[in-house]
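Take a look at the letters that make up each chain.
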There are 2 protein chains.
Amino acid sequence: MKSEKISEAVVRRLPVYLRYLSDLHKREVATVSSQELGQRLDLNPAQIRKDLAYFGDFGRKGIGYDVSYLIEKIRHILNLDQQINAVLVGAGNLGQALSNYNFYLKENIKIIAVFDENPKKIGKQINTLTVQPMEELRETIKARNIRIGIITVPDVEAQNVADILIEAGIEAILNFAPVILKAPANIRIHPADFTTDLLSLAYYLDNGKDDSADDGDK
Amino acid sequence: MKSEKISEAVVRRLPVYLRYLSDLHKREVATVSSQELGQRLDLNPAQIRKDLAYFGDFGRKGIGYDVSYLIEKIRHILNLDQQINAVLVGAGNLGQALSNYNFYLKENIKIIAVFDENPKKIGKQINTLTVQPMEELRETIKARNIRIGIITVPDVEAQNVADILIEAGIEAILNFAPVILKAPANIRIHPADFTTDLLSLAYYLDNGKDDSADDGDK
């Protein structure tokens, strides 16, 4: 019956829940409380209960959440109960690392093709994938039902690559180039933000504990 | 006067503001409204005003925020008005990509040393850095005032590397290994989450637009 849209912030937290729950599942833990989730994930338990209540009432007072059931539910909500094909453009170090990493990712998003415009990279083998020339990008996306594009090219080329991906029918983009991409409203773009992770870390260094302004009058 | 702690969620948004503001600054845009920030960053303008009001009242009605001033303030709050030294452990593809990327990062967090335990990688040149053996890690951290550690080793080695880093005096860790690390409460650990970025993207694919449960009775 529920049809309200889930907020972006909640959607972003779901994979975080999923990761920890999968970890619990591996350790054969059957149930977990919102308190424990909160403590582990550095989130307010009330926030967690609210997030999870979005999808129906799975928690049981005094027992907590059923780990397997919650994993299944979150995977369903995130569309991860089907294989989703992705393409990666830009076979530099980062692109190669991601393509390799892909093989260890337990979830159903798979990089199934890698592209580069550099003749020296074309034909190169990354795990089971072979780097293809950009000329084949459009056709490959259509032929192999590829829905997500991952951009790991230098920032000056990123918008051009995004345009090609969108034109070829990609629905969503993960962008590693440090630029903000323009795209039609129906195309979802997430910046891949290790810069954000790194910069926000600096806040927690010792001299940052107290955010009083630069005035000295306490 | 303000001494309340800033919430984690706000700290995480600050680099996002900073990136877009820096972009505006490069394009010589002097002021920006919370509406425009909101539209560009996919956040509620009221949320943005609330976040920024945390640090004092910079916005002016009808004019908006002064871009340069806001950049300076956010950089100060994030401790980015000083150079922060970082070390990276694990010189695989991802480690190399990050070390290289580091040279393009305009912010003051700098990877100044790279380590690996693999003899084949030790001595390797990554841009201006030379991969050092793990035996030198502890001494280098102390001698060169390194405060942040970046972990890009395989997941089975991650906890061990974290322990060494913490023991050597590191204050914060950015962890790319897909495991949850244990650490004393005074050590800040951020998981580097392109997996989160990627998985949350799947939610926005077409068949995920409507989050009605798996029952068919509308």
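Here goes a summary of the coordinates provided. (Residues numbered from 1 in each chain as written. Chains lettered and ligands numbered in written order. Predicted model: local features only at pLDDT ≥ 70, side-chain atom pairs only at ≥ 80, totals over all residues. Heavy atoms only, no water.)

All chains considered together, the criterion is met by two aromatic pairs over all chains. Centre to centre, the rings of Tyr-203 of chain A and Tyr-204 of chain A are 5.0 Å apart; their planes meet at 85 degrees, and the pair counts as edge-to-face. A single burial state applies to Tyr-203 of chain A and to Tyr-204 of chain A, both of which are buried. One cation-aromatic arrangement involves Arg-188 of chain A over Tyr-204 of chain B; the distance from NZ or CZ to the ring centre is 3.6 Å. (Phe/Tyr/Trp six-rings, centres within 6.5 Å; stacked < 30°, edge-to-face > 60°. Buried < 20%, exposed > 50% of the residue type's maximum accessible area, 1.4 Å probe, protein only. Lys NZ or Arg CZ within 6 Å of the ring centre and 35° of its normal.)

This brings us to the pattern of salt bridges. Across all of its chains, the model carries eight salt bridges over all chains by this definition. For the salt bridge of Arg-13 of chain A with Asp-51 of chain A, the shortest nitrogen-to-oxygen distance reads 2.6 Å. Here Arg-13 of chain A is found in helix α1 (residues 8-26), whereas its partner Asp-51 of chain A is found in helix α3 (residues 45-53), with 38 residues between them in sequence. This pair shows no difference in class: Arg-13 of chain A is buried, exactly as Asp-51 of chain A is. Here Arg-138 of chain B and Glu-167 of chain B are joined by a salt bridge, their closest N and O atoms 2.6 Å apart. Separated by 29 residues along the polypeptide, Arg-138 of chain B in helix α6 (residues 137-143) and Glu-167 of chain B in helix α7 (residues 155-167) bring together distant segments of the chain. (Salt bridge = Lys/Arg side-chain N within 4 Å of Asp/Glu carboxyl O. Helix = DSSP H or I, 4+ residues; strand = E, 2+ residues; numbered from the N terminus.)

Right, let's talk about the sheet that holds strand β4 (residues 109-116) of chain A for a bit. Residues and elements named next belong to chain A. Across the sheet, seven strands lie side by side as β5-β6-β4-β3-β7-β8-β9; this open sheet has mixed pairing. The open sheet has two free edges, formed respectively by β5 (125-126) and β9 (188-191), since each of these has just one partner strand. Here six bridges tie strand β3 (residues 84-89) to β4, and the two strands are oriented parallel to one another. The partner of Val-87 across the bridge, within β4, is Ala-113. (Pairing = 2+ DSSP bridges.)

Here we take up the side chain of Thr-152 of chain A. All names here are of chain A. Of note, Thr-152 is situated in the loop between β7 (146-151) and α7 (155-167). Of note is the side chain of Thr-152, whose polar atom sits 2.6 Å from the backbone oxygen of Gly-90. Beyond its immediate sequence surroundings of up to four residues, Thr-152 is in contact with Leu-88, Val-89, Gly-90, Leu-94, Gly-95, Leu-98 and Phe-176. (Polar contact = N/O pair within 3.5 Å; in protein donor to acceptor, adjacent residues only side chain to side chain. Contact = heavy atoms within 4.5 Å.)

All names here are of chain B. If you check α7, its first and last C-alpha atoms are 19 Å apart, about what 13 residues at 1.5 Å a residue would give, namely 18 Å. Taken residue by residue, α7 has Ala-158, Val-161, Ala-162, Leu-165 and Ile-166 as its buried positions. Here the buried residues of α7 occupy an arc of 130 degrees about the axis, which is enough to place them on one side. Exposed side of α7, more than 90 degrees from the buried face: Val-156 and Glu-167 are the residues found there. Tucked inside the fold, the buried residues of α7 contact β3 (84-89), α6, β7 (146-151) and β8 (172-175). Looking one or two places after α7, you find Gly-169, whose phi comes out positive at around 105 degrees. (Expected span 1.5 Å × (residues − 1). Arc of directions from axis to C-beta.)

With that settled, consider the environment of Ala-172 of chain A. Mapped onto the fold, Ala-172 of chain A is located in strand β8 (residues 172-175). We classify Ala-172 of chain A as buried; its relative accessible area is 0%. For the pair Ala-172 of chain A and Ile-189 of chain A, spaced 17 residues apart in the sequence, the C-alpha separation amounts to 5.7 Å. Aside from chain neighbours lying at most four places away, what touches Ala-172 of chain A is Arg-147, Ile-148, Gly-149 and Arg-188 of chain A together with Leu-201 and Leu-205 of chain B.

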